[in-house]
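Here's the letter readout for the chains.
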Amino acid sequence: MADGFGRLAYAYEGLERTVFGDLLTRARNACLCALEEADTILILGEGDGRFLLSLLARLPRAHVTVLDSSTGMLGRAQKRVQARLPDAEARVSWWHRDALTAPLPSAHYDAVATAFFLDVFPEEMLGPLTAKISRSLKPGGRWLVADFAAPHTLPTRRARLYSRTLVALMYTFFRAQTALPAKTLVPPEPFLRACGLEPVRRESFRGGFVYAQVWRKAFEGES
Ligand SMILES: C[S@@+](CC[C@H](N)C(=O)[O-])C[C@H]1O[C@@H](n2cnc3c(N)ncnc32)[C@H](O)[C@@H]1O
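Bear in mind that the values here come from a model prediction, so they are computed numbers and not experimental data.

Calculation notes
- Residues numbered from 1 in each chain as written.
- Predicted model: local features only at pLDDT ≥ 70, side-chain atom pairs only at ≥ 80, totals over all residues.
- Heavy atoms only, no water.
- Axes fitted to C-alpha atoms, helices over the stretch in contact; angles between N-to-C directions.
- Helix = DSSP H or I, 4+ residues; strand = E, 2+ residues; numbered from the N terminus.
- Parallel < 35°, antiparallel > 145°, perpendicular 65-115°, else oblique.
- Contact = heavy atoms within 4.5 Å.
- Nonpolar A, V, L, I, M, F, W, Y, C, P; charged D, E, K, R; others polar.
- Buried < 20%, exposed > 50% of the residue type's maximum accessible area, 1.4 Å probe, protein only.
- Arc of directions from axis to C-beta.
- Left-handed = near helix turned anticlockwise from the far one by under 90°.
- Pairing = 2+ DSSP bridges.

Enquirer: Teacher, can you tell me more about the packing of helix α1 (residues 12–20) against helix α2 (residues 23–30) here?
Expert: What describes two packed helices is the angle between their axes and the distance between those same axes. With their axes 8 Å apart at the nearest point, α1 and α2 run at an angle of 105° to one another. By the criterion of interaxial angle, the relationship of α1 to α2 is roughly perpendicular. Counted together, Glu16, Arg17 and Phe20 of α1 and Leu23, Leu24, Thr25 and Arg28 of α2 form the full contact between these two elements. Of the residues contributing to the contact of α1 with α2, the split by class is 3 nonpolar, 1 polar and 3 charged.

What follows is the structure, given as structure tokens:
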């Protein structure tokens, strides 16, 4: 499995802070309270462990499975937990897997979280991937998504211009550095709705450029 993001693992946090300050951290953590009832949580594409650390600190009962295709990122995340919250490590399972091909247990998790992860995939991969992730959620389960909004969905011309410029720069950079499969940002909402999920909460940041959204999986027969 190619470790596309591995070479960025050490620089990732610094790069992010240089470009966005604490914006992405605020978005990742904005809706954490919506997962408070969850005992079993799957994080896909966790990255360097900052979101994981917040989750473990906030949800002291939860068992968290962390799936990432990068050994570099997983190593950073593991070190971060060992250094900052060593007692919580027993509650974490580390999965070095490709989310596109890894089998996931059916109706197993109370919650899943994808922060700045769905933006990695082009449209033709997003459908099957979101369907698989959704199947792994229990009915009534929550899916926390934090990501960049697609520029065309933003309300003002200025916001669209700002977003279009930054998104183009980010995709150029990440495609050169990580062999990112996506060429541009695809809004995941239609795919999540097609999986029987409904949005229950949304927080927007910097004029809607970045958002955190919680989706809920319907129970069978629920309209
Ligand atoms: C853009 S980074 C986001 C990291 C972090 N979640 C954040 O909020 O910044 C994407 C993460 O997804 C992982 N990733 C990319 N493609 C993947 C795949 N097919 N399967 C599993 N993980 C993948 C990368 O290794 C990286 O850690």
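Enquirer: Hey, could you run me through α1 in this one?
Expert: Since the α-helix packs 3.6 residues into each turn, any two residues three or four apart lie on the same face. Inspection of α1 places Tyr12, Glu16 and Phe20 among the buried residues, and these make up the whole buried set. The buried residues of α1 occupy one face: seen down the axis, they fall within an arc of 30°. Residues of α1 that are buried sit in contact with α2, α3 (50–58), α4 (71–84), β5 (137–148) and α6 (157–178).

Enquirer: Sorry, what's going on with the packing of α2 against α3 here?
Expert: α3 packs onto α2 with a crossing angle of 40° between their chain directions and a minimal axis gap of 10 Å. It follows from the interaxial angle that α2 and α3 lie oblique. In terms of crossing hand, the pair formed by α2 and α3 is right-handed. On α3, the residues touching Thr25, Arg28 and Asn29 of α2 are Arg50, Phe51 and Ser54. For the contact of α2 with α3, the per-class residue count stands at 1 nonpolar, 3 polar and 2 charged.

Enquirer: Hey, could you run me through the pairing of strand β7 (residues 210–217) in this one?
Expert: Residues in a regular strand project their side chains so that they alternate between the two faces of the sheet. Most of β7 is tucked away: 8 of the 8 residues are buried. Every second residue of β7 is oriented toward a common face, with Val210, Ala212, Val214 and Arg216 on one face and Tyr211, Gln213, Trp215 and Lys217 on the other, all of them buried. In this structure, β5 lies alongside β7, joined through 7 bridges in antiparallel fashion. In the sheet register, Arg142 faces β7, and the bridge partner there is Arg216. Relative to β7, strand β6 (residues 197–205) is paired through 8 bridges, and the arrangement is antiparallel. Bridge pairing in β7 places Glu203 opposite Ala212. In sequence, β6 turns back onto β7 through a hairpin of 4 residues, with Arg206 there showing a positive phi of about 45°.

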